[in-house]
Protein chains: 4
Amino acid sequence: MAGSTFGKIFQITTWGESHGSAIGVVVDGCPAGLPLKEEDIQVFLDRRKPGQSIYATPRKEDDAVEILSGVFEGKTTGCPISMLVRNTSMRSADYSEIADYYRPGHADYTFDAKYGFRDYRGGGRSSARETIGRVAAGAVASKILERLGIHLTAYTRSIGPVKIDPARFDPSQIRQNPFHMPDEQAAKLAADFLDGCRKNGDSAGGVVECIADGMIPGLGDPVFDKLSANLAKAICSIGAVKSFEIGDGIAVSRALGSENNDSFIPCEQGIKKATNHSGGLLGGISDGSRLLLRAGIKPTPSISHPQQTVTRDGQPIEVSVRGRHDPVVVPRAVVVVESMTAIVLADALLANMTARMDGVERFYARRS
Amino acid sequence: MAGSTFGKIFQITTWGESHGSAIGVVVDGCPAGLPLKEEDIQVFLDRRKPGQSIYATPRKEDDAVEILSGVFEGKTTGCPISMLVRNTSMRSADYSEIADYYRPGHADYTFDAKYGFRDYRGGGRSSARETIGRVAAGAVASKILERLGIHLTAYTRSIGPVKIDPARFDPSQIRQNPFHMPDEQAAKLAADFLDGCRKNGDSAGGVVECIADGMIPGLGDPVFDKLSANLAKAICSIGAVKSFEIGDGIAVSRALGSENNDSFIPCEQGIKKATNHSGGLLGGISDGSRLLLRAGIKPTPSISHPQQTVTRDGQPIEVSVRGRHDPVVVPRAVVVVESMTAIVLADALLANMTARMDGVERFYARRS
Amino acid sequence: MAGSTFGKIFQITTWGESHGSAIGVVVDGCPAGLPLKEEDIQVFLDRRKPGQSIYATPRKEDDAVEILSGVFEGKTTGCPISMLVRNTSMRSADYSEIADYYRPGHADYTFDAKYGFRDYRGGGRSSARETIGRVAAGAVASKILERLGIHLTAYTRSIGPVKIDPARFDPSQIRQNPFHMPDEQAAKLAADFLDGCRKNGDSAGGVVECIADGMIPGLGDPVFDKLSANLAKAICSIGAVKSFEIGDGIAVSRALGSENNDSFIPCEQGIKKATNHSGGLLGGISDGSRLLLRAGIKPTPSISHPQQTVTRDGQPIEVSVRGRHDPVVVPRAVVVVESMTAIVLADALLANMTARMDGVERFYARRS
Amino acid sequence: MAGSTFGKIFQITTWGESHGSAIGVVVDGCPAGLPLKEEDIQVFLDRRKPGQSIYATPRKEDDAVEILSGVFEGKTTGCPISMLVRNTSMRSADYSEIADYYRPGHADYTFDAKYGFRDYRGGGRSSARETIGRVAAGAVASKILERLGIHLTAYTRSIGPVKIDPARFDPSQIRQNPFHMPDEQAAKLAADFLDGCRKNGDSAGGVVECIADGMIPGLGDPVFDKLSANLAKAICSIGAVKSFEIGDGIAVSRALGSENNDSFIPCEQGIKKATNHSGGLLGGISDGSRLLLRAGIKPTPSISHPQQTVTRDGQPIEVSVRGRHDPVVVPRAVVVVESMTAIVLADALLANMTARMDGVERFYARRS
């Protein structure tokens, strides 16, 4: 059952393994006439590139994107946009030993259980490199959002026990520290914390937050295609994500109705909410206020710290995973979370155009 | 863009509004030959029925299900199973006044923003009655799971600040107290807490947990159709759900890799995990251990406590939502969370049959 | 794998068997604000009703439709429209004997082969009554088309060897003769021909043609969702259809390029085609000229003429199918072909709204 | 609305334009463990390669395929198989003049109408080169079919007025003459006929037939996913196809029921049909007998014969399409029809595994 395609109208299909010859994505359903060039994509890919600090894997990956189709004279044509990144830094030898045992916290065992064998090189399809396709597609989606005045900001909210302080929130910091934290002081504390992890051959997790400003009300559909439901799927489909929250998220379970309900108040544009506990949605449909979501990410499973596991033939062994691994994947996940959010929003924006008969009639009246 | 259909192989389509003449679901893709009778469905529907305690809306809803198609001589035929419940307890007059203003925390405003008008009677399509279709379909999915030895248990983990104590976990309690809590003492504390809420015209939220035992490894697909991603969508598509967790969930963001990784150890059946922080999945694919997920549910937005809001034409007013409402929806959401989990698992079980060529070859060899 | 859902945005799900308690359809994705009442649907259903002439089955079927959801105050709400028709003329006893053998030309054998058993009453899910759901949905789709100035006309082009004469084409005849032929003389010849068939316990096939005027250019997508491809699937999914043609259809295989190409010429609206061999499409996308398609329908397989077949346990027997059957299904298929065409066009109209970025930008600019 | 993805379980997504840098396909949902190498694909691509006779375009296209993902150690991994062919013979200059007018019979006008502009180089996405992705995917599908004993044969049934004679049917001829006709004499007559066309700057159409032997009964689903419906869509999505027939096809409209019904008779394997007018299907589900379908293909629209058309700004002009074009595309379409048929069958085979509960139970019993 496939599983590599996401979205209904703005629809992406990713492909590729960590150590195959290339990795990529096909974006189908992007409206025609959107200005797009490889640099637009590259900017996004560079944000997920490893090797940018001592807190990320020292692998050198150029990840230069090539647009193979769907763009003509600098604009999208309405036809599928195929984008490809060659894998250039493959050292398969690093992984040969893991062919024979199941790394704890990795998909080695489940791939074997499902498929009978696996491409063990660097995690194959379950590698974080799989997100290259998502990010390239997210760059395209973001171009659509920008033209409609919707702007996304994603950042690291916490690493291990170190959380950003809302009082020190500084968006300019996001791309200035290696953790993409909008709080300089928290970033320093995170660095100290991660130094400790690395010394112990250990790793850490954290939380990524993404907000969308300039939201258009009416996005998302009742019941199964609630915007929140599609965002939940998008975010939880990212490897290592173990929780998803929208608005106040997990905290609402302890709130009272009188605290949690957002009052409506009149405003210049007509109506707005006095607060935004709901994170920009009501009944799963965007209400025009800021969208806010959170992804909880587990610690990198590849640690040099010794662990118990078994070989493919069931023998117990102690392993210490070597190789070039991130002590924390959270900072690199920031652009992935942002990309998946952008993809869901672009899809919802297109879908919403067909929601009302008067909108349909005006659309076709204008053309004739 | 539709949005009322869920699943790929085991596919459900729900329909109906709170105060229309009926509400229902079409289940398509259910394998032929599954024994099924109306009582199987009714048992599930009765678990979500209101009017069962003072902590739930005193509306009397019979919610008697009728199977209209897809079953012949007591077995499913492989053709769509259409199930219908008549709405019998409709007092539309209760809702006439809410036609003109936007209830805080409800989808009134967003439906208007999206569609230009709305069926304001009892929330229309955004009413909790919409879950009748999900639960009826979940009953069918559960029959499939049972035959494969997979058993689901869902229960209330917390209501407001009152959480169950794992040390007192008693599954027999789940259907014995009105909160479906597997901890008698917590249920009593929850009753006290909710009494306070009701006195203040307020409401509470909570957390529902669902576990699946007897899991088959290999369910779910890499990338976008990870079992965790599809569960996230399923759960977050339920009205009032604001967070989703799998396994240790939100807590993993603060854990170390060495704590969070589950070691593999040999066992009689071959191999198992020593712990289960991951909640039964690795790389989004089931690993055979217990599946565990959590849904964070917001407080009921309908409260008699006075609230600020605006009318449809933008005038500020103070409202106090009257009508027959649950002070907490969490207990009634238990069977909905279980149903959506069952639907995702049934779909994944069917999809997984096509994952391996040797499985395909054996399947067709046997038939010839 | 389901199979009872059709369409991407305007999406329908049908359910029900010939002799179950009811039959119906859920239409999801219909834009909000479309005026709709049960009479709109009933008019379409009445066109497929049997018992209207001696050339159709004498079964009396009221086929009164009930709209159960998705309509409020006379307009669609954007939520799923569930429609139901009770089966009132069920005489299951008529069919008891066919439980044990495979009727030639019917789906008895293939249902058993696929599902292991079947609902043998009146063909179950493979009965022509299954089209009730299609026609009800087609009535909704037609309402959308009408508002955009697109008008469909379907009729019988031929019955057995009797073909309409384009020189005598008279649309007013379509609903005046029992064969829905736009040619009075051909209708008389068809009556004679069918009288002969009936005397011999035999049956006939024919061709249904459907045209759409007022077409909007740009409908359909390149590659797999060509308008022609989706129409082909829609039409060939109707039971008894064995061929599909668009424009000149099968005849183009013998034409020369210089004959078959349609020249473009200037016109008041800008540009039009001098001829329309292509049937209103180029590259699978509508070109604004008249859409024309044809469905070739096989003779009714239920004949009293003796036939050889086998029982479920493989014993040869001679059978003569009794019961109330149409000697020709072509006239009743006319409204089904029109309905499926309407559904495909409505879906394509909605999908096309997202094709261009300037259209998307104008759409959202207008709303703010 | 996308439109570049086809299939539900065995799902393909094609991309690329005639004169972009490359063209390709992603095959998702192929079972793991299928032996696959680039030569398997190349064999299929070579069958559609132009430049093989004077009756096909003299363009030299190497069309060397590269498998970029989804295959490890010579076997499919269950992950998406990305295949790419570089466009090496691009002479965009040939097409610069057609940027300004609408070629009759081509998609130039409809692409402009839909998208506002178009990639005019060689037809862009509507070029016959788009079929490279289909054929590469068809090669994979065929490997699956072969392992289950299903064998496809496609060939040219007619070119213009020249039809093969069933009495002279010789499958060994199919790959021996440039028209892929299984009748040596017909091939010679076709050559004569096409010589005449070429002299007049004209072109011809024809019919491609595809048969499948070794069919498994039970493939396809009732209602919308009838095997015949999915085949109709698959075939009619191929550019230039204007008709689709299954079994006796268009001829059934003139047959009597007593002629057209296929009797069942006992046989060694249990049961078979005495004749096969239905083309291997009953009720849209395969019955185990030979599948037979036909695609009617229009004459190549690019002809040097002078034609009337208009420029993009509506001025009438006379044009004579130059460039390297096939006088007939039928022979090159043979492998495309076969590929699309293979893709539909592979998808149906996988989908059918979930049709019966006893099959599901046996499948999972075997694994435990």
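Just above sits the structure.
Let us look at the structure shown here. (Residues numbered from 1 in each chain as written. Chains lettered and ligands numbered in written order. Predicted model: local features only at pLDDT ≥ 70, side-chain atom pairs only at ≥ 80, totals over all residues.)

**Some thoughts on the overall build of chain A**
Scanning chain A from terminus to terminus reveals eight helices and 18 strands. In terms of overall dimensions, chain A has C-alpha extents of about 65 × 50 × 35 Å along its principal axes. Counting only residues that meet the buried cut, chain A has 67% of its 368 residues in that class. At a minimum sequence separation of 6, the contacts of chain A that also span at least 24 residues come to 68%. (Helix = DSSP H or I, 4+ residues; strand = E, 2+ residues; numbered from the N terminus. Buried ≥ 20, exposed ≤ 12 C-beta atoms within 10 Å, placed from the backbone. Contact = placed C-beta atoms within 7 Å.)

**Overview of the relation of the copies chain D and chain A**
Note on the copies: chain D fits chain A at an RMSD of 0.0 Å, the axial shift is 0.0 Å, and the rotation between them is 180°. The symmetry that links the two subunits is that of a two-fold axis. Residue D:Thr13 of chain D places its C-alpha closer to the rotation axis than any other residue of that unit, at 3.8 Å. Take the interface residues of chain D: 100% of them recur as interface residues in chain A, which is what a same-surface contact looks like. (Least-squares fit on C-alpha atoms with pLDDT ≥ 70 in both.)

**Things to note about helix H3 (residues 131–147) of chain B**
All names here are of chain B. Compared with an ideal rise of 1.5 Å per residue, which puts 17 residues at 24 Å, H3 spans 24 Å between its outermost C-alpha atoms and is within 8% of the ideal. Counting buried positions along H3 yields 14 of 17 residues, so the element is predominantly enclosed. Following H3 by one or two positions, Gly149 adopts a phi angle in the positive range, close to 80°. (Expected span 1.5 Å × (residues − 1).)

**Here we look at the relation of the copies chain C and chain D**
For the match of chain C to chain D, the screw axis carries a shift of 0.0 Å, the RMSD comes to 0.0 Å, and the turn is 180°. The share of interface residues of chain C whose copies in chain D are also at the interface is 100%, consistent with both copies meeting through the same surface.

**Some words on the environment of A:Asp358**
The residue A:Asp358 is located in helix H8 (residues 357–367) in this model. For A:Asp358 and A:Gly124, which are 234 residues apart along the polypeptide, the C-alpha to C-alpha distance reads 49 Å. If sequence neighbours within four positions are ignored, A:Asp358 has contacts with B:Gly116 and C:Gly33.

**Concerning the sheet that holds strand S11 (residues 241–246) of chain A**
One open sheet accounts for 10 strands, arranged S9(A)-S8(A)-S10(A)-S16(A)-S11(A)-S11(B)-S16(B)-S10(B)-S8(B)-S9(B); its pairing is antiparallel. This sheet does not close on itself; its edge strands, each paired only once, are strand S9 (162–163) of chain A together with strand S9 (162–163) of chain B. For S11(A) and strand S16 (residues 291–297) of chain A, the ladder comprises five bridges, and the chain directions are antiparallel. Following the sheet pairing, A:Phe244 is matched in S16(A) by A:Ala295. (Pairing = 2+ DSSP bridges.)

**Some remarks on the interface of chain D and chain A**
On the side of chain A, 36 residues touch chain D, which itself brings 36 residues to the contact. Of all elements in the fold, only strand S2 (11–16), strand S3 (22–28) and helix H2 (108–115) of chain D reach the threshold of two or more residues within the side of chain D that touches chain A. Each residue belonging to the side of chain D that touches chain A can be placed in one class, and the counts come to 12 nonpolar, 18 polar and six charged. (Nonpolar A, V, L, I, M, F, W, Y, C, P; charged D, E, K, R; others polar.)

**Focus: the nonpolar core**
In this structure, A:Ile235, B:Ile235, C:Ile235 and D:Ile235 are the most contacted members of the largest nonpolar core, which totals 481 residues. Each residue touching D:Ile235, except ones within four places of it in the same chain, is listed here: D:Val241, D:Phe244, D:Leu293, D:Ala295, D:Val337 and D:Met340. (Core = buried A, V, L, I, M, F, W, Y, C linked by C-beta atoms within 7 Å.)

**Focus: the interface of chain C and chain D**
Between chain C and chain D, the residue contacts involve 99 residues of the former and 99 residues of the latter. Of the residues assigned to the side of chain C that touches chain D, the class counts are 42 nonpolar, 39 polar and 18 charged. Here strand S11 (residues 241–246) of chain C pairs with strand S11 (residues 241–246) of chain D via three bridges, running antiparallel. Residue pairing across strands places C:Glu245 opposite D:Ser243, the latter belonging to S11(D).

**A short note on the sheet that holds strand S10 (residues 206–213) of chain C**
Taking strand neighbours across the sheet as the criterion, the 10 strands line up as S9(C)-S8(C)-S10(C)-S16(C)-S11(C)-S11(D)-S16(D)-S10(D)-S8(D)-S9(D) in an open arrangement whose pairing is antiparallel. Unpaired on one side and paired on the other, strand S9 (162–163) of chain C together with strand S9 (162–163) of chain D mark the two borders of the sheet. Of the strands in this sheet, strand S8 (151–159), strand S10 (206–213) and strand S16 (291–297) of chain D are in contact with helix H7 (residues 330–352) of chain D, which crosses S8(D) at around 145°. (Axes fitted to C-alpha atoms, helices over the stretch in contact; angles between N-to-C directions.)

**Brief notes about the packing of helix H1 (residues 38–48) of chain A against helix H7 (residues 330–352) of chain A**
Residues and elements named next belong to chain A. The interhelical angle for the contact between H1 and H7, taken along N-to-C directions, is 140°, at an axis separation of 7 Å. One finds that H1 runs oblique with respect to H7. In this structure, H1 uses Phe44, Arg47 and Arg48 to contact H7, whose residues at the interface are Arg332, Val335, Val336 and Ser339. For the contact of H1 with H7, the class distribution of residues is three nonpolar, one polar and three charged. (Parallel < 35°, antiparallel > 145°, perpendicular 65-115°, else oblique.)

**What about the environment of A:Ala255?**
Relative to the elements of secondary structure, A:Ala255 occurs in the loop between S11 and helix H6 (257–260). Between the C-alpha atom of A:Ala255 and that of A:Ser237, which follows or precedes it by 18 residues, the distance is 28 Å. Not counting residues up to four positions away in its chain, the partners in contact with A:Ala255 are A:Asp248, A:Asn260, B:Gly205 and B:Pro299.

**Re the pairing of strand S3 (residues 22–28) of chain C**
All names here are of chain C. Most of S3 sits inside the fold, with six of its seven residues counted as buried. One ladder, built from six bridges, connects strand S2 (residues 11–16) with S3; its direction is antiparallel. If you follow Gln11 over to S3, its bridge partner there is Asp28. Between S2 and S3, which pair antiparallel in sequence order, lie five residues.

**Considerations on the pairing of strand S17 (residues 307–310) of chain A**
Residues and elements named next belong to chain A. Relative to strand S18 (residues 316–319), S17 is paired through four bridges, and the arrangement is antiparallel. Bridging from a neighbouring strand, Val310 pairs with Pro316 of S18. In this structure, the hairpin formed by S17 and S18 is closed by a connection of five residues, where Gly314 is found at a positive phi of approximately 90°.

**Observations regarding helix H5 (residues 227–236) of chain A**
Most of H5(A) is tucked away, with 10 of its 10 residues classed as buried. When H5(A) is considered as a whole, its buried residues turn out to be A:Leu227, A:Ser228, A:Ala229, A:Asn230, A:Leu231, A:Ala232, A:Lys233, A:Ala234, A:Ile235 and A:Cys236.

**Thoughts on the packing of helix H1 (residues 38–48) of chain C against helix H3 (residues 131–147) of chain C**
Residues and elements named next belong to chain C. Interhelical geometry of H1 versus H3 gives an angle of 135° and a closest axis separation of 9 Å. With respect to H3, the element H1 is oriented oblique. As H1 runs across H3, the sense of the crossing is right-handed. Across from Asp40, Ile41, Phe44, Leu45 and Arg48 in H1, the residues of H3 making contact are Thr131, Ile132, Val135, Ala136, Gly138, Ala139 and Lys143. (Left-handed = near helix turned anticlockwise from the far one by under 90°.)

**Examining the environment of A:Cys79**
Tracing the sequence through the fold places A:Cys79 in the loop between strand S6 (75–76) and strand S7 (81–86). Assessed through the 31 C-beta atoms surrounding it within 10 Å, A:Cys79 is described here as buried. Sequence spacing of A:Cys79 and A:Thr300 is 221 residues, and the spatial spacing of their C-alpha atoms is 38 Å. In this structure A:Cys79 touches A:Ser69, A:Gly70, C:Pro222, D:Glu17 and D:Arg125, once residues within four positions along its chain are discounted.

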